[in-house]
Amino acid sequence: MCGIVGYIGSRPAADIVVSGLKKLEYRGYDSAGLAVLDPAAPSIGLFRAVGKIAELDKAIASHPPASTCTVGIGHTRWATHGAPTVANAHPHLSMDGRIAVVHNGIIENYLALRSRLESKGYVFKSETDTEVLAHLIQDCLDGGLAESVMRALVHVEGTYGIAVVSSDFPGVLVAARKGSPIVIGDCRGEAIVASDVSAIIQHTDKVVFLDDGDVAVLTPEGAELRTLGNSTVSRSSTVVDWDPGAIEKGGFEHFMLKEIFEQPEAIANTIRGRLLLDDGTCKLSGLQLDPQKMAEITNIVVTACGTSYYAGLVGSYAFEQFAGIPARIEQAAEFRYRNPIIAPNTALVSISQSGETADTLAAVREAKRKGALTLSICNVVGSTIAREAGRGVYLHAGPEIGVASTKAFICQVAVLDMMAIMLGRTRRMSNSEGTTMVAAMLRLPEIVKRVLEQNDAIRAIAEKYHQARDFFYIGRGYMFPAALEGALKLKEISYIHAEGYHAAELKHGPIALLDEHVPVVACVPQIPGHRKTLGNVQECRARRAPVIAIATEGDPDIGGLANDVISIPECPEFIAPIPVVVAEQLFAYHMANLRGEPIDQPRNLAKSVTVE
Ligand code: M6R
């Protein structure tokens, strides 16, 4: 979604801001812009372009700002209010042209604010909600820029992460947050602000995340934090342990492929130090659950969106099967509106790679309000959901840049499995059962590697099918979430229509669509339910549908049944979604690549969905 970068210091701001925006490209956007000013001769230079940042680069190159312009804010916009046009691109200027604003989030009362400002004579040049902020700050101007921004924000309903500069106050850059992340780099002799640490880590690994209601006043001397009511606050800084090189492609054609191949290492990092073989259990210190607290949990509600939801579905099975705790999964987008019943002693497990997904965050807040014990599984350290939940587990998967989530899924499943083992061991699971499960999990990096070794074979299969228009993915038990995730991966990057179905549900309607033009991916490793799914594969073949099976190596039955087979190493059912989904990721990747689609930035999609 939208991205923000701001800089104030002694170096040319345009270079730093635009290079930061490039690090945010993965979030998805459709226009970009930059505003710079020279503290010695302050007037705002504005550059905006529709399309990729390369277009913004061209706009800047045609009238390059002076190197003395050492203050700047930039933005990548993912259109919500108004089409992707230059007029709607950020930054937006106040009517007098002296204030520039970039904004992530949604101003919910912007129509009311707009008509109030129009009645005072303000003229709007865009269809955006953001432009309201620029005029509103001008209207509230009294004293310094920070105070004027605070005064304006009092009138705003909705969510925002903003950065503001003004030619009247060239020595200061103001940022504020409510519901949309803002992070400040802890630098010397300059200050940098962004909506995402990816734009900051090449400058510093020490960052400060703003809380809702915080206003940051940035000067070349550093950042000072205040509340909306103008009292000073302090927030502790976090060290981000990402290698800046991790946000480069490192020789791979796409971030997605790089991230798929990083998975053995990512999962090794997720399980490192957390699997206790001798005790047949797991240690997840961030959950802060002692055995007594664990014993008190009588229900688990899992919530998430998209790929994280499918990982959560795997987790909900594992919690019931291994911990014996009733568990259900809820779409995060439904959670607060459905007004769910949260029984006493319920743990709410929220899952989010980014830790910023608006619906998941809202579900966490609602569950907290209803008295649940909130536990999170996030990848981004210090992200809003992780902080809001208070207790949680980080994936340590490293930055995930590709819009299609890959390594986050497998690491989320690994964490959920570890939680199930840990909870199970405080209940009915024996040491020997726990040890067997832990031993299986220790093999995961190797299991994933074995699937990756089939990359060329999977590409060859994709070559046979990449012209198809529709696909079905089927599975049962732990393979049902794997089928759902496989279909999501294919549709989001290749734009091929794909549906994930429970293998048994196929004949309750969708089988009517099958013929020789509709391939079926059958997730059918040798785990419980295998025989029954083979029966469903027969039903597909009887309708002439080509079948690509993802099956256990050496399965004697599958060769005669499927048109194509991708093998995964033998493994128990609770971890089987991991290798199966890795095979699906490679298949989706090659399908999309053969069709020439822009894999890392699929149309209409954003990496982090910070609006409802
Ligand atoms: O950051 P989150 O895990 O909360 O994101 C949830 C979904 O938006 C995300 O998984 C989305 O479905 C991906 N594009 C899937 O590849």
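No experiment lies behind these values; they were computed from the predicted model shown.

Caption draft 1: Local environment of the overall build of the chain. What the chain contains, in helices and strands, is 19 helices and 26 strands. The C-alpha atoms of the chain give a radius of gyration of 25 Å, which matches the 25 Å a tight globule of 612 residues would have. When its C-alpha atoms are laid out on the principal axes, the chain stretches across 75 × 55 × 40 Å. With 612 residues in all, the chain has 61% of them scored as buried. Carbon and sulfur atoms form 50% of the exposed surface of the chain, whose accessible area is close to 21,800 Å². Charge separation in the chain, taken as the distance between the mean sites of 57 positive and 69 negative side-chain charges, equals 2 Å.

Caption draft 2: Highlighting the domain arrangement of the chain. With domains assigned, the chain is organised as domain 1 (2–240), domain 2 (244–442) and domain 3 (448–598). A straight line from the C-alpha centre of domain 2 to that of domain 3 covers 25 Å. At the junction of the two partners, domain 2 supplies 31 residues and domain 3 supplies 26 residues. Note on domain 2 versus domain 3: buried area summed over both sides is about 2,500 Å², and carbon and sulfur give 74% of it. The interface formed by domain 2 and domain 3 contains 0 salt bridges. If you look at where domain 2 meets domain 3, you find 10 residue pairs in polar contact (both at pLDDT 80 or more). Residues that form the side of domain 2 that touches domain 3 fall into these classes: 22 nonpolar, 7 polar and 2 charged.

Caption draft 3: Quick peek at the packing of aromatic side chains. Counting across every chain of the model gives 8 aromatic pairs. Here the aromatic cluster, defined as three or more aromatic residues joined through ring pairs, consists of Tyr465, Phe471, Tyr473 and Phe587. Just above the ring of Tyr29 sits the side chain of Lys52; from NZ or CZ to the centre is 4.7 Å. Cation over ring: Arg603 sits above Tyr495, and NZ or CZ is 3.8 Å from the ring centre.

Caption draft 4: Broad picture of empty space enclosed by the protein. Under the criterion given, the structure shown has 2 cavities of 30 Å³ or more. In this structure, the largest cavity occupies an estimated 250 Å³ of space. Lining the largest cavity are 24 residues, with Tyr26, Arg27, Asp196, Ser354 and Val380 positioned closest to its centre. Tallied by class, residues from the lining of the largest cavity come to 10 nonpolar, 7 polar and 7 charged.

Caption draft 5: Structural context of the sheet that holds strand 4 (residues 71–77). Read across the sheet, 8 strands follow the order 3-2-4-1-10-9-11-14 without closing on themselves; strand pairing throughout is antiparallel. With partners counted over all chains shown, the strands left at the sheet margins are strand 3 (45–50) and strand 14 (238–239), one partner each. Judged from the 6 bridges that link them, strand 2 (residues 31–37) and strand 3 form a sheet pairing that is antiparallel. When the bridges of strand 3 are listed, Gly33 appears paired with Arg48.

Caption draft 6: Seen up close, the site of the ligand. The full set close to the ligand counts 13 residues, and Ser308, Ser352, Ser354, Thr357 and Glu492 are the nearest of them. Taking Thr357, its side chain carries an N or O atom lying 2.4 Å from an oxygen atom of the ligand. Ser405 is positioned with one of its backbone polar atoms (N or O) 2.8 Å from an oxygen atom of the ligand. Computed on the free molecule, the ligand has an accessible area of 420 Å², of which 91% lies beneath the protein chains in the complex. Assessed atom by atom at 2 Å from the grid points, the ligand resides in the largest pocket. Broken down by secondary-structure element, the contributors of at least two residues to the shell around the ligand are helix 9 (306–323) and helix 17 (479–494). Top element by residues in the shell around the ligand is helix 9. It accounts for 3 residues. Residue composition of the shell around the ligand, by class: 3 nonpolar, 8 polar and 2 charged.

Caption draft 7: Summary view of unusual backbone geometry. A cis geometry characterises the amide bond from His90 onward to Pro91, with omega recorded as 0 degrees. Within the fold, Pro91 resides in the loop between strand 4 and strand 5 (92–93). The backbone of Gln288 sits at a positive phi, close to 50 degrees, despite the residue not being glycine. The residue Gln288 is located in the loop between strand 16 (281–282) and helix 8 (291–296) in this model. One non-glycine residue, Asn345, adopts positive backbone phi at about 65 degrees. Position of Asn345 relative to the elements: it lies in the loop between helix 10 (332–338) and strand 19 (346–352). Judged by its relative accessible area of 44%, Asn345 is partly exposed.

Caption draft 8: Representation of the packing of helix 13 (residues 407–425) against helix 19 (residues 577–594) within the structure. Two elements in contact, helix 13 and helix 19, have axes whose closest approach is 10 Å; the angle formed by their N-to-C orientations is 175 degrees. Of the possible angle classes, the one that applies to helix 13 and helix 19 is roughly antiparallel. Mapping the contact onto sequence places Phe409, Ile410, Val413 and Ala414 in helix 13 and Pro577, Ile578, Val581, Val582 and Gln585 in helix 19.

Rules used in this analysis
Residue indices begin from 1 for each chain and proceed along its sequence in written order. This being a predicted model, a pLDDT of at least 70 is required before a residue's local features are given, and a value of 80 or more before pairs of side-chain atoms are given or counted; all residues contribute to the totals for chains, interfaces and linings. Water and hydrogen atoms were dropped before computing side-chain values, which therefore reflect all heavy atoms in the structure. The helix count covers DSSP runs of H or I at least four residues long, the strand count covers runs of E at least two residues long, and both are numbered beginning at the N terminus. The atom set for the radius of gyration is the C-alpha atoms, and the globule formula is 2.2 Å times the number of residues raised to the power 0.38. Burial here depends on accessible area, computed with a 1.4 Å probe over protein chains only, as a share of the maximum for the residue type. Under 20% is buried, over 50% is exposed, and the range in between is partly exposed. Per-residue accessibility takes into account occlusion by the displayed protein chains alone, with areas from the Shrake-Rupley method and a 1.4 Å probe. Positive charge is attributed to Lys and Arg, negative charge to Asp and Glu, and no charge count is given to His or to the chain ends. For charged residues, the charge sits on one atom: NZ in Lys, CZ in Arg, CG in Asp, CD in Glu. The split into domains, and so the bounds of each, comes from an automatic or database assignment of domains. The contact criterion used throughout is that any non-hydrogen atoms of two residues lie within 4.5 Å. Computed with a 1.4 Å rolling probe, the buried area is the accessible surface lost when two parts are put together, summed over both parts. A carboxyl oxygen of Asp or Glu within 4 Å of a side-chain nitrogen of Lys or Arg is what we treat as a salt bridge. Polar contacts, as used here, are pairs of N or O atoms within 3.5 Å; protein pairs need one atom able to donate a hydrogen and one able to accept it. Residues neighboring in sequence count only if both atoms are side-chain atoms. Classes in brief: Ala, Val, Leu, Ile, Met, Phe, Trp, Tyr, Cys and Pro nonpolar; Asp, Glu, Lys and Arg charged; the others, Gly included, polar. Aromatic contacts are taken between Phe, Tyr and Trp rings whose centres are within 6.5 Å, Trp giving its six-membered ring; a plane angle under 30 degrees counts as stacked, one over 60 as edge-to-face, and the others as tilted. Geometrically, a lysine NZ or arginine CZ counts as sitting over a ring once it is within 6 Å of the ring centre and also within 35 degrees of the ring normal. Both cavities and pockets are sets of points on a 1 Å grid over the protein atoms alone; in a cavity a 1.4 Å probe fits but cannot get out, in a pocket the set is open with protein on both sides within 12 Å along at least five of seven lines, and lining residues sit with an atom within 4 Å of a point. Grid points are joined across faces, edges and corners, and a volume is the space filled by probe spheres set on the points. Whether two strands pair depends on DSSP finding at least two bridges between them. By convention in these notes, a residue is near a molecule or strand provided one of its non-hydrogen atoms lies within 4 Å of it. Pocket or cavity membership: a molecule qualifies when more than half of its atoms sit within 2 Å of the grid points of that site. In this analysis an axis means a line fitted to C-alpha atoms, helices contributing only their contacting stretch, and an angle means the value between N-to-C directions, from 0 to 180 degrees. Any angle that falls under 35 degrees is termed roughly parallel, while one over 145 is termed roughly antiparallel, one within 65 to 115 roughly perpendicular, and all others oblique.

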